[in-house]
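# Topology and contacts: notes
Below, each chain spelled out in residue letters.
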Amino acid sequence: MALLEVDSLVKHFPGPRGRTVKAVDGVTFSLERGQVLGLVGESGCGKSTLSRLILQLLPPTSGRVLLEGECLSSLPPAVVRRRRLDFQMVFQDPYASLNPRLTVFSTLSEAIAARHPGMAGNRTACTEAVAALMRRVGLDARAMRKYPHEFSGGQRQRIAIARALAPEPRLIIADEPVSALDVSIQSQILNLLQGLVRDLGLTMIFVSHDLSVVKYIADDITVMYQGKLVETGPAEEVFHHPRESYTRRLLEAVPRIRFGGDRFSSG
Amino acid sequence: MLSVENLQTFFHTREGVVRAVDGVSLELSKGGSLGIVGESGSGKSVTCYSLLRLLPMPPARFEGGSAGFEGRDLLTMPVKELRAIRGRRIGMIFQDPMTSLNPYLRVSTQLTEPLRVHLGIGKAGALDQAVAALQAVGIADAEQRIHSYPHEFSGGMRQRVMIAMALITRPDILIADEPTTALDVTVQKQVLDLIGRRREDLGTAVIFISHDLAVVSGVCDYVHVMYGGRVVEAAPVRELFENPLHAYTRALQRSIPALQEKGKPLYTIPGMPPDLSRPSPGCAFAPRRPARARATCLANHRPELVEASPGHWVQDCPGCRDEGLDDAF
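Of regular secondary structure, chain B possesses 13 helices and twelve strands. By principal-axis analysis of the C-alpha atoms, chain B measures approximately 65 × 50 × 40 Å. Looking at chain B as a whole, 53% of its 329 residues are labelled buried. Put simply, 62% of the contacts in chain B that link residues at least 6 apart link residues at least 24 apart. When the accessible surface of chain B is split by element, carbon and sulfur atoms take 52% of a total near 14,100 Å². With 36 positive and 36 negative side-chain charges, chain B shows a spacing of 4 Å between the two charge centroids.

Written out as structure tokens, the structure reads:
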């Protein structure tokens with residue numbers, strides 16, 4: 001059974017002058033355990049709305065989201081809130097997604113206690129779990145009493161990833177997790193995510209506008225345009241032999257180094 | 001046209017003196033395009049903010065150097081004179097359009113202001129020019145949209161409004177600080193094409209700051225690579241990519257995710273950027289080199305720029321210049 005099934009999902013918003021904005025317009029796909037799906041499209045294509053629908057942060061106009069065969073869309077809100085621990089999110093901007101008033105320890109222990117309420121009072125166990133989590137994402141555990149502003153952008157994104165891992169989710173949705181970072185830091189975060197997928201068997205939806213980044217981390221890529229999935233296939237296939245003209249247009253927009261011959265031919 | 005000599009901008013903080021820019025020289029010719037590449041904290045933005053004196057002083061202070069523009073020094077001229085240059089002769093665009101657009105003012109007010117202030121153009125004439133400027137950056141329905149507020153535009157549109165605003169006085173130099181980093185690849189391409197067209201049509205010289213070598217390679221003729229507040233390599237763009245002489249340039253090139261093979265871990269530069277409040281007496285990049293290379297890096301004095309071939313400058317540190325040691329252990 002697929003871990004996640006999205007079945008004819010539709011979300012319409014009321015638009016200006018009585019029109020309807022079809023943000024998500026009949027999306028169907030499924031995701032196996034341990035797989036990484038790259039969701040690619042421009043801003044406004046509906047990819048963020050789709051993420052929110054999957055997380056049950058928005059009610060769909062029609063269609064269903066199934067996690068391990070269970071239809072989330074029909075569950076009562078209180079149950080959905082509990083199930084939400086099963087899918088966590090990593091956002092683009094770690095400056096905005098971390099609470100600046102909480103230390104790394106508070107942020108992470110809170111997220112751990114969400115899954116294991118018994119840990120909340122046990123400071124030693126908490127400290128240990130936080131330290132393990134920080135090491136897991138390549139941070140120095142001695143820095144757990146520091147605040148987000150004391151870390152660099154790349155380190156902050158690592159904290160955000162640790163926070164997403166803390167409740168032991170079954171699905172992670174990473175929404176443009178590297179687009180705000182320097183190119184050299186992007187590689188570090190991609191390596192980290194890659195390692196987590198491999199070692200922890202994470203299932204992930206990796207949302208990005210940049211096909212060249214998605215290609216590296218995703219097993220399959222699906223391209224979204226005006227609320228619909230226009231092309232889906234194995235990552236290498238979509239990247240090297242795009243079938244749709246829209247996918248080709250996205251690929252052509254990726255800046256390339258114009259010279260240097262073999263040194264810069266993209267692999 | 002613009003000649004920066006040995007610029008030193010330090011920040012005097014409670015924790016000590018941060019040598020953000022420490023001896024940078026740049027040369028921009030009329031209609032030329034110059035790229036400045038480096039990681040966050042390398043001093044690339046501070047360099048450009050220094051030229052227009054946009055830094056809070058204190059804590060920032062010019063400790064040395066000059067920035068000659070038409071025979072006068074931007075760093076020391078009276079503020080009154082600088083105001084006639086800033087926004088008129090030298091325009092600047094930033095990464096985040098919301099920091100340079102006023103959320104309370106209509107776009108029409110903000111676009112016509114430079115024309116009215118700098119060029120003394122009347123209200124109606126300025127509005128006509130502002131509409132034309134919006135059309136030139138590819139905004140449809142410019143006559144109507146110009147009366148909107150910034151929040152009524154999408155991110156890419158706002159970026160274009162800001163570019164239109166910076167270019168409306170037809171400046172001789174446009175300084176672009178990571179203008180496309182927050183944008184989608186498709187919008188990024190439109191913005192880069194737009195800047196390219198302005199260069200061709202009006203001969204606007206461009207200083208383009210970015211962490212992304214691929215973007216810079218498409219826009220600039222000449223590139224400076226900055227590390228730890230200093231230029232480590234400077235060369236014509238093609239030469240820089242085909243024949244990088246400094247280890248940091250090579251490392252930056254190798255870490256572009258798009259160019260790497262799927263299935264293998266991506267190349268990353270080991271270590272951390274240097275702490276600029278405790279500058280190393282020798283080569284600043286040495287701690288991030290493999291041990292065998294580090295052993296031959298300059299330890300006691302700072303490497304100076306030397307001209308390796310005509311127009312191609314590199315910091316003369318043996319440990320960083322030797323490509324054979326890049327993958328040594």
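Looking along a regular strand, one sees side chains alternate from face to face of the sheet. Residues and elements named next belong to chain A. Of the two faces of strand β6 (residues 87–90), both are covered, the one formed by Phe87 and Met89 as well as the one formed by Gln88 and Val90. Both β6 and strand β7 (residues 171–175) contribute to a ladder of four bridges, which runs parallel. Following the sheet pairing, methionine 89 is matched in β7 by isoleucine 173.

Residue-level contacts link 42 residues of chain B with 40 residues of chain A. Between chain B and chain A lies a buried interface of about 3,300 Å² when both sides are counted; carbon and sulfur atoms form 58% of it. Summed over the shared surface of chain B and chain A, the number is zero salt bridges. Put simply, chain B and chain A have five residue pairs in polar contact (both at pLDDT 80 or more) between them. Among the secondary structure elements, those contributing two or more residues to the side of chain B that touches chain A are α8 (185–202), α9 (213–219), α10 (237–242) and α11 (247–254) of chain B. In terms of residue count, the dominant contributor to the side of chain B that touches chain A is α9(B) (five residues). Here the side of chain B that touches chain A is composed, by residue class, of 18 nonpolar, 13 polar and eleven charged.

The next thing to look at is helix α5 (residues 123–136) of chain A. All names here are of chain A. The terminal C-alpha atoms of α5, which comprises 14 residues, lie 20 Å apart, in line with the 20 Å expected from a rise of 1.5 Å per residue. Taken together, the buried positions of α5 are occupied by Cys126, Val130, Ala131, Leu133 and Met134. For α5, the angular spread of the buried residues around the axis is 165 degrees, confining them to a single face. In this structure, α5 carries Thr124, Glu128 and Arg135 as exposed residues pointing more than 90 degrees from its buried face. Where the residues of α5 are buried, they touch α4 (104–115) and α6 (153–165). Residue asparagine 122 occupies the N-cap position of α5, its side-chain oxygen lying 3.3 Å from the main-chain nitrogen of threonine 124. Once α5 ends, the next one or two residues include glycine 138, with phi positive near 80 degrees.

Residues and elements named next belong to chain B. Splitting chain B by domain gives domain 1 (1–89 + 171–265) and domain 2 (98–169). One C-alpha centre belongs to domain 1, the other to domain 2; they are set 25 Å apart. Contacts between domain 1 and domain 2 engage 15 residues on the former and twelve residues on the latter. Across the domain 1/domain 2 interface, buried area totals approximately 1,200 Å², and carbon plus sulfur atoms make up 64% of it.

This part takes up the environment of A:Glu252. All names here are of chain A. Inspection of the secondary structure assignment puts glutamate 252 in helix α10 (residues 245–253). On the accessibility criterion, glutamate 252 (57% relative accessible area) is exposed. Residues glutamate 252 and lysine 47, 205 residues apart in the sequence, show an inter-C-alpha distance of 20 Å.

All names here are of chain A. Its 18 residues place the ends of helix α7 (residues 183–200) 26 Å apart at the C-alpha level, agreeing with the 26 Å of an ideal helix rising 1.5 Å per residue. For α7, a buried count of 13 out of 18 residues is recorded, marking the element as mostly surrounded by other parts of the structure. Immediately beyond the C-terminal end of α7, within one or two residues, lies glycine 201, with a positive phi of roughly 60 degrees.

This part covers the sheet that holds strand β1 (residues 2–13) of chain B. All names here are of chain B. Read across the open sheet, the four strands follow the order β2-β1-β4-β5; overall the sheet is antiparallel. Looking at the sheet topology across the chains shown, the edges are occupied by β2 (16–28) and β5 (72–73). Here β1 pairs with strand β4 (residues 60–69) via eight bridges, running antiparallel. Considered in β4, the bridge of serine 3 is made with glycine 68. Across the sheet, helix α1 (residues 44–51) lies against β1, β2 and β4, angled at about 110 degrees from β1, the strand it touches most.

With that settled, the discussion passes to the pairing of β4(B). Residue and element names in this part refer to chain B. Across two bridges, β4 lies against β5 in antiparallel orientation. Note on β5: the bridge partner recorded for phenylalanine 69 is arginine 72. In this structure, the hairpin formed by β4 and β5 is closed by a connection of two residues, where glutamate 70 is found at a positive phi of approximately 55 degrees.

Scoring rules and cut-offs
- Residues numbered from 1 in each chain as written.
- Chains lettered and ligands numbered in written order.
- Predicted model: local features only at pLDDT ≥ 70, side-chain atom pairs only at ≥ 80, totals over all residues.
- Heavy atoms only, no water.
- Helix = DSSP H or I, 4+ residues; strand = E, 2+ residues; numbered from the N terminus.
- Buried < 20%, exposed > 50% of the residue type's maximum accessible area, 1.4 Å probe, protein only.
- Contact = heavy atoms within 4.5 Å.
- Areas by Shrake-Rupley, 256 points an atom, 1.4 Å probe, with all protein chains shown as cover.
- Lys, Arg positive; Asp, Glu negative; His and termini not counted.
- Charge placed at Lys NZ, Arg CZ, Asp CG, Glu CD.
- Pairing = 2+ DSSP bridges.
- Buried area = accessible area lost by both parts, 1.4 Å probe.
- Salt bridge = Lys/Arg side-chain N within 4 Å of Asp/Glu carboxyl O.
- Polar contact = N/O pair within 3.5 Å; in protein donor to acceptor, adjacent residues only side chain to side chain.
- Nonpolar A, V, L, I, M, F, W, Y, C, P; charged D, E, K, R; others polar.
- Expected span 1.5 Å × (residues − 1).
- Arc of directions from axis to C-beta.
- Domains from an automatic or database assignment.
- Axes fitted to C-alpha atoms, helices over the stretch in contact; angles between N-to-C directions.

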